Amino acid sequence: MPQDQLKLAVARAALAYVPKNRIIGVGTGSTANFFIDALGERKDDIVGAVASSDATAERLRSHRIPVFDLNEISDPLSVYIDGADEISAQGAMIKGGGGALTREKIIASAATQFVCIADDSKLVGTLGRFPLPVEVIPMAHSTIAKTLAKLGGKPQLRIRDNRPYRTDNGNAILDVSGLQIEDPLWLEDQINAIPGVVTVGLFARRGADICLLGTPTGINTLRF
Ligand code: 5RP
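The structure displayed is predicted, hence computed values, not measured ones. (Residues numbered from 1 in each chain as written. Predicted model: local features only at pLDDT ≥ 70, side-chain atom pairs only at ≥ 80, totals over all residues. Heavy atoms only, no water.)

Engineer: Go over the overall build of the protein chain with me, naming the residues and quoting the values.
Structural biologist: Scanning the protein chain from N- to C-terminus turns up six helices and 16 strands. Its C-alpha radius of gyration of 17 Å places the protein chain within 12% of the 17 Å reference for a compact globule of 224 residues. The C-alpha extent of the protein chain, read off along each of the three principal axes, is 50 × 40 × 35 Å. Taking the contacts inside the protein chain whose residues are at least 6 apart along the sequence as the reference set, 72% of them involve residues at least 24 apart. Side chains of the protein chain carry 24 positive and 25 negative charges; the gap between the two charge centres is 2 Å. (Helix = DSSP H or I, 4+ residues; strand = E, 2+ residues; numbered from the N terminus. Rg over C-alpha atoms; globule rule 2.2 N^0.38 Å. Contact = heavy atoms within 4.5 Å. Lys, Arg positive; Asp, Glu negative; His and termini not counted. Charge placed at Lys NZ, Arg CZ, Asp CG, Glu CD.)

Here it is, written out as structure tokens:
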């Protein structure tokens, strides 16, 4: 079954986790885009959404879903719904393939429940086959790369259109390949402690609570 059909199926299934009359958190990426399009049909049921990227904010607005700044909200978000690049059987994730990892982590940390939506290619035994994105202050990318290499990875500065990629926050991204992440909590803390690192795309301290995993035979609901 094409991956997009699986993404569409889990995106629609995630509507069951959207509470009425609340503001929800919404992620970034192709699976999140399917979710936003589905949410558009239910826009009158919710007050609005907090977006994890400029692209998500634009897509939400295109469906006339009100977009809120996180600073405007006093109550915790009841749910954050987003995709992942990889997810483990324990609910730890690699995220940031789309470059939105910092805002994703902030919104995830402000939400009571994280619902991950993913096709079954994202479920892995050990995290690390997908290069781990690390958002960094641009002036520090080469010193951070050296430290990441000492941790066993092969960092590569993300390039788009022949120039260094910039996140919505104006920062650079190092994509770190060659890691076998046996202890995601430890590695998340190690990388976060490197001066100049803004966010590592390991979501272990605040992993998923639920994963709706799209498979050719239906949706598997994993609870962590
Ligand atoms: C963006 C992300 C996405 O959730 C991740 O890249 C998965 O994307 P997709 O749904 O397109 O496979 O972390 O920063």
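So that's the structure; there's more coming.
Engineer: Now, about the layout of surface pockets: what can you tell me, with residues and values included?
Structural biologist: Reported here for the largest pocket is a volume of approximately 240 Å³. Val50, Ala51, Asp69, Leu70 and Arg103 are the residues nearest the centre of the largest pocket, which is lined by 14 residues in total. Those elements that provide at least two residues to the lining of the largest pocket are β2 (48–51), α3 (54–62) and α4 (101–109). The residue makeup of the lining of the largest pocket, split by class, is eight nonpolar, two polar and four charged. Considered as a void within the structure, the second largest pocket measures approximately 190 Å³ in volume. If you trace the second largest pocket, you find 15 residues lining it, with Thr28, Gly29, Ser30, Ala84 and Asp85 closest to the centre. It is helix α2 (residues 30–40) that contributes the most residues to the lining of the second largest pocket, three residues altogether. (1 Å grid on protein atoms, 1.4 Å probe; cavity = no way out; pocket = protein on both sides within 12 Å on 5 of 7 lines; lining within 4 Å. Points joined across faces, edges and corners; volume = space filled by probe spheres on them. Nonpolar A, V, L, I, M, F, W, Y, C, P; charged D, E, K, R; others polar.)

Engineer: Now, about a nonpolar patch on the surface: what can you tell me, with residues and values included?
Structural biologist: A grouping of Ile137, Met139 and Val198 is seen on the molecular surface, where their side chains present a nonpolar patch of about 290 Å² in accessible area. Within the secondary structure layout, valine 198 lies in strand β13 (residues 197–200). For valine 198, a relative accessible area of 31% puts it in the partly exposed group. (Patch = residues over 30% accessible without salt bridge, like charges linked within 9 Å, V, L, I, M, F, W, Y side chains within 5 Å. Areas by Shrake-Rupley, 256 points an atom, 1.4 Å probe, with all protein chains shown as cover. Salt bridge = Lys/Arg side-chain N within 4 Å of Asp/Glu carboxyl O. Buried < 20%, exposed > 50% of the residue type's maximum accessible area, 1.4 Å probe, protein only.)

Engineer: An account of the environment of leucine 127 is needed here, citing residue identities and associated values.
Structural biologist: Inspection of the secondary structure assignment puts leucine 127 in the loop between β7 (123–124) and β8 (132–136). Leucine 127 sits in the buried class, given a relative accessible area of 2%. Contacts of leucine 127, omitting those with residues within four sequence positions, involve Glu86, Ile87, Ser88, Ala92, Met93, Ile94, Leu179, Gln180, Ile181, Pro184 and Leu202.

Engineer: Summarise the pattern of salt bridges; cite the residues concerned and give the values.
Structural biologist: As a working rule, side chains carrying opposite charge can pair if their charged atoms are close by. Evaluation of the coordinates by the stated rule reveals eleven salt bridges. Across the pair lysine 95 and aspartate 82 runs a salt bridge, and its minimum N-O distance is 2.8 Å. Taken together, the residues lysine 95 in the loop between β5 (93–94) and α4 and aspartate 82 in strand β3 (residues 77–82) connect sequence positions 13 residues apart. Comparing lysine 95 with aspartate 82, the two get one shared label, buried.

Engineer: Please set out the site of the ligand residue by residue, giving values where relevant.
Structural biologist: Near the ligand, the surroundings consist of 17 residues, among which Ser30, Thr31, Asp85, Gly96 and Lys122 are the closest. Lysine 7 has a polar side-chain atom sitting 3.5 Å from an oxygen atom of the ligand. Most atoms of the ligand, that is more than half of them, are within 2 Å of grid points of the second largest pocket. Residue composition of the shell around the ligand, by class: two nonpolar, nine polar and six charged. (Near = heavy atom within 4 Å. Polar contact = N/O pair within 3.5 Å; in protein donor to acceptor, adjacent residues only side chain to side chain. Sits in = over half its atoms within 2 Å of the grid points.)

Engineer: Just give me the short version of the sheet that holds strand β4 (residues 86–88), but keep the residues and values in it.
Structural biologist: The sheet built from four strands is open, its strands ordered β7-β4-β5-β14 with mixed pairing. The sheet terminates laterally at β7 and β14 (202–203), the two strands that pair on one side only. (Pairing = 2+ DSSP bridges.)

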